[in-house]
Amino acid sequence: MPTCRRKRVVLTEPSQALLQVAETNPDKDVYYLHQTGEIFETYEAYAARMSFYRLKQFQCEVTGKSGLDYFQALESEQQEAQTMHSRFPEPLKAAVLKAVQWQVVGRLDHLVEAVFDRFKDRYFADEKVYVDVQGDKFYARILRVIPPKCGLNSIDTAKQASTSTSPPVSTPEESVQIHKIGGDLKVPTKEALALDDPLKYSYNVQILEEQHDRSHEKGKLSLKEKVKWSGSLMEVQCAVMSRDRLAFSKSILRRFIRDCVHRDAAVASPWTVKEAVAKHYGVDSVMPEETRKGVETIKRGEIDKRKKAWEDKEGPPTKKQKKMTAAQEERVKALAAAAEKREKEAREKAEKQKAKEEAERLAAEKKKKKPIRYPTEDLDIHISEKDKKTGVRVQKPAPSRTILPFAEDPVAFESFLMAWNFLVVYGQPLHLSSFTMDEFEHAIRHSAAETPCVMLGEIHSTLIYNLRTVPFSRHSAVLSLLRLKDALEDGHKVYGVTIEQLTAVMADVGNNWDRVPLRQADLRKGWEDALLGCLKDHATTANFPRLREILTRLLFAPESNLESSASSSSSRVSSATPQVLSILSVPGERYYSLPPADRIAILAFMCNLAVTSKAIHTHMDSCEEQLTALRKEKIEINRMKKQYTEEMNALSGEVEAKQNRAANGAEDSAVPDLSDLSDSPSEEGSESASVTSGRRKSSSRQKDLRQRAHTQAHSKQREIARAKVAAEKQAQAEYRRLDEEVNKIERRLEGIEREFRKLLGAIRVKPLGKDRFHNRIWWFDGLGSTSLLGSGGVVQYGAGRVFVQGPTQMDVDLMSKRDDGIDSRRHEEEGEGMLAPNEWAAYTEPEEIDEFMAWLNTKGIRELALKNAMTKWWNHIVPGMRKRLSDVNVNARLPEARRSTRVKHTTGHDISREPYMMWTNRRAVNSA
């Protein structure tokens, strides 16, 4: 049997339920794995098992080859088994199997050793062996085995060679007695050798052909003598006989026994030959009574031995003692008390010594303990008393559960969140403008039929247009309801309507939903009927469990007045008494009477179908291509930014160096000029000194030259200063230009990050991260067709909140395994904000986000990544939350105006001025 991770692969048995079904319904379709004979009820189980078998992680148990799939390992084992059975001597198989039958041996290796020692010098008729004749080995076949009582005296094989070709025939009595005692493992080895010595057996063999040519030995025979021995008969003993090592050795014997026998897992269970193998080789499969008693005796002895060993660990049983006198009892008590006291003192001393050694060991380990490298696993980081004193926040700010849309129904909230995110993210392929979560919530709650909600009509119309491209089955809902009728009792009613009545009314509504035009100019008139037709052809009771209830509400109305029914339906808490609907109606009149949970269920169902449409898949492929282009652009922009930064650093260094050189070199450049100019007139003055009459003229001339030299020096300094200022201005201008380029690049990188978020959100929505307790933090703004910034840099938001989702059940189990006190720690550090698995809550205030960021510990891996992500988008998260709060406060002037009803509204309030009613679809293409 192939092994996987050193364990044998156990085949899957059919379940009891499947066996019972097979008895009642023999024609039931099942999945059959013909390679192993396994039967599966579902295709998922069959595929999972086949996938497991195809993994390259199995090992051939015989050869040890690894890296195989199950079928390759099984084929390898079968090939090796065939090779082994073809090599193992056929006459020896029955004798070995009879010897191992019912043997109680602990390890297979010990059994193999015992069998090999018994049969290595015992041969059977029709075996092929090697016979040593005068130093040469010949291949021979045993024709007859002569037991000791019938054997002749041992003689030299060379003298007893015969030329006869007709082999003698062994009698039945002889064959019965051959190795009967020696092959019985129940008989001790020494006794078996004494009673059935293999050295006393003789064998009539016939030489087949020369097998080994020992040319290096002195006793080599000539070719003529070799031919002479071929085909001859002779009588030999086991001393000159041997088997081929490829046919009989401990390794091949072990493989043969392991392939043919098995053993139960109970204590002292005997080795048993497999039933099919025993039947083939004539091995008795029924345990004799004597053998059974012997096995039971061995089993009892083994159990008693284990029981005794266990009792020895607990201490020897107390023996029954004779009755003692009072003095003896007092003496025994005193001795016992003294012994107990000494034992207690010794125990206390040992415990103190052990505690001292443990303290020393811990102190030594603390000194040697390596410092923790941060970041590390979040749950390994505990807030110490020192951290608390320094002002580290211990408890997380509690997110609100009640502020969630439709918080009273967690299932409805998750469906609502999924539907809103889908409509906003895929607004471009759906041709639907974006809207906020608050506007979507108010549209779902809108129930005033006399004032239709444009947003509801646009959302349903775009989804209907999209679902026309998705394959569907005509009247699938009707057929599904009829099948449901067979499973229910006769006359079963929902809202007072039977399935027969419902299907009869459905037959005439929405049949041409896939062709009817839904024009934006006509406010998508008729979208309610098209919606019912879409549900008729796409929905079934299997993929849409509330199908019957919703269709009944859309096609039937109550008998009571609309006003009274509207007042009850406008309540956010549904009535406990089921409403009776008995008057035929149309979806256009009845849609706005649907409760929000049913509207959300319809939208969630349609969004799940729309995911499979070609338009959505094409949009996702386009987003992948745009992401690739953005990645390349980001690499190029970062390269340019690095280049500009290096140039700016070089310019800064050059300006500083020039300023230093100018400060030191201005004076040095002026001194030589003055000296040079002053030297020339002094020389002229010396030449003219001999002329007495020109002394006064030379002095005045010298004065003019000095003045001219000073003027030239000052003009040269001014030129140098002007050049220096011009160079500095040019460097500063270049620096400012590069700084502006870097600022442009940074703004472009920010835009690329926003585009990345939009495109990635269209492929897969991922949380910002997880906190230490695996709570997931979600921020849904800026995904898909929405944008974080509007025209002119105006802040935009979609949800305007940060949502928190509790850990999954798997995360909770992993935390419990890692830390037994995780619940108490969560209560301490989360308080009221502790969420159940997959429970939702939200932060709506920027101050709450500030407190949450302060609570995060950057020493943990998860919280460090989460804080980095929130810091990256901080300039969009907080302004979006503030913008939403501002809009909510503006619209809170009339709190009850948010909840539209079918009753007469408050005087002076126009519901059409609500933000969700003023929304328009600027991406609509069906405006004709």
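It should be emphasised that the depicted structure is a prediction, and the values quoted were computed from it without experimental measurement. (Residues numbered from 1 in each chain as written. Predicted model: local features only at pLDDT ≥ 70, side-chain atom pairs only at ≥ 80, totals over all residues. Heavy atoms only, no water.)

**Looking at the nonpolar core**
The line we're drawing: Buried Ala, Val, Leu, Ile, Met, Phe, Trp, Tyr and Cys residues that are joined via side-chain atoms within 4.5 Å together make up what is termed a nonpolar core. Throughout this description, buried means an accessible area under 20% of the type-specific maximum (1.4 Å probe, protein chains only), exposed means over 50%, and partly exposed covers the range between. Here a helix means four or more residues in a row that DSSP labels H or I, a strand means two or more in a row labelled E, and each is numbered from the N terminus. Contacts: residue pairs with any heavy atoms within 4.5 Å of one another.
Ranked by internal contacts, the top residues of the largest apolar core, which has 95 residues, are L423, F435, L463 and F803. Looking at this core element by element, the count peaks at ten residues for helix α14 (residues 410-425). Beyond its immediate stretch of four places on either side in the chain, L423 contacts L430, L432, F435, F440, I459, L463 and C607. One finds F138, A140, I142 and M241 within the second-largest nonpolar core, a separate group that totals 47 residues.

**Here's the deal with the side chain of D811**
Secondary-structure assignment places D811 in helix α27 (residues 809-818). Assessed through its relative accessible area of 10%, D811 is described here as buried. Discounting chain neighbours no more than four positions away, the residues touching D811 are K770 and H774.

**Overview of the pattern of salt bridges**
Definition in use: Take a side-chain nitrogen of Lys or Arg and a carboxyl oxygen of Asp or Glu: if they are within 4 Å of each other, that pair is a salt bridge.
Tallied over the full model, the rule gives 45 salt bridges. Residue R347 is joined to E343 by a salt bridge in which the shortest nitrogen-to-oxygen separation is 3.8 Å. One end of the pair is R347 and the other is E343, both in helix α12 (residues 326-368) and four residues apart, which spans about a single turn. A relative accessible area of 51% means that E343 is categorised as exposed. The partner of E828 in a salt bridge is K388, with the nearest N and O atoms 3.7 Å apart. Remark: K388 occurs in helix α13 (residues 385-389) and E828 occurs in helix α28 (residues 822-830); sequence separation between them is 440 residues. Relative accessible area serves as the criterion here: at 42%, E828 is assigned to the partly exposed category. Residue K388 is classed as partly exposed on the basis of its relative accessible area, which comes to 31%.

**Points about a nonpolar patch on the surface**
Which entries qualify depends on this criterion: Any residue with relative accessible area above 30% and no salt bridge may belong to a patch, with like charges joined within 9 Å and the nonpolar Val, Leu, Ile, Met, Phe, Trp and Tyr side chains within 5 Å. Areas reported as accessible are Shrake-Rupley estimates using a 1.4 Å probe. Residue values count occlusion only from the protein chains shown.
Nonpolar side chains collect at one region of the surface, where V30, Y32 and I39 lie side by side and expose about 260 Å² of accessible area between them. Looking at where Y32 falls in the secondary structure, it is placed in strand β3 (residues 31-33). Residue classification places Y32 among the exposed residues on the basis of a relative accessible area of 52%.

**Focus on α27**
Heads up, the condition is: Each C-beta atom gives one direction from the helix axis, and the arc is the one those directions make.
All of the buried residues along α27 are D811, V812 and M815. Projected down its long axis, α27 shows its buried positions confined to an angular sector of 100°, all on one face. Exposed and oriented more than 90 degrees from the buried face of α27 are M810, L814 and K817. Buried positions along α27 lie against β17 (769-770) and α28.

**Points about the packing of aromatic side chains**
Worth spelling out the cut-off: Any two rings among Phe, Tyr and Trp, with Trp reduced to its six-membered ring, count as a pair given centres within 6.5 Å; such a pair is stacked if its planes are under 30 degrees apart, edge-to-face if over 60, and tilted if neither.
Tallied over the entire structure, the rule returns 34 aromatic pairs. Taking the centre distance of 5.7 Å and the plane angle of 5° together, the rings of W778 and F780 count as stacked. Since its relative accessible area comes to 12%, W778 is described here as buried. The class of F780 is buried, set by a relative accessible area of 7%.

That's the geometry; what it means functionally is another story.
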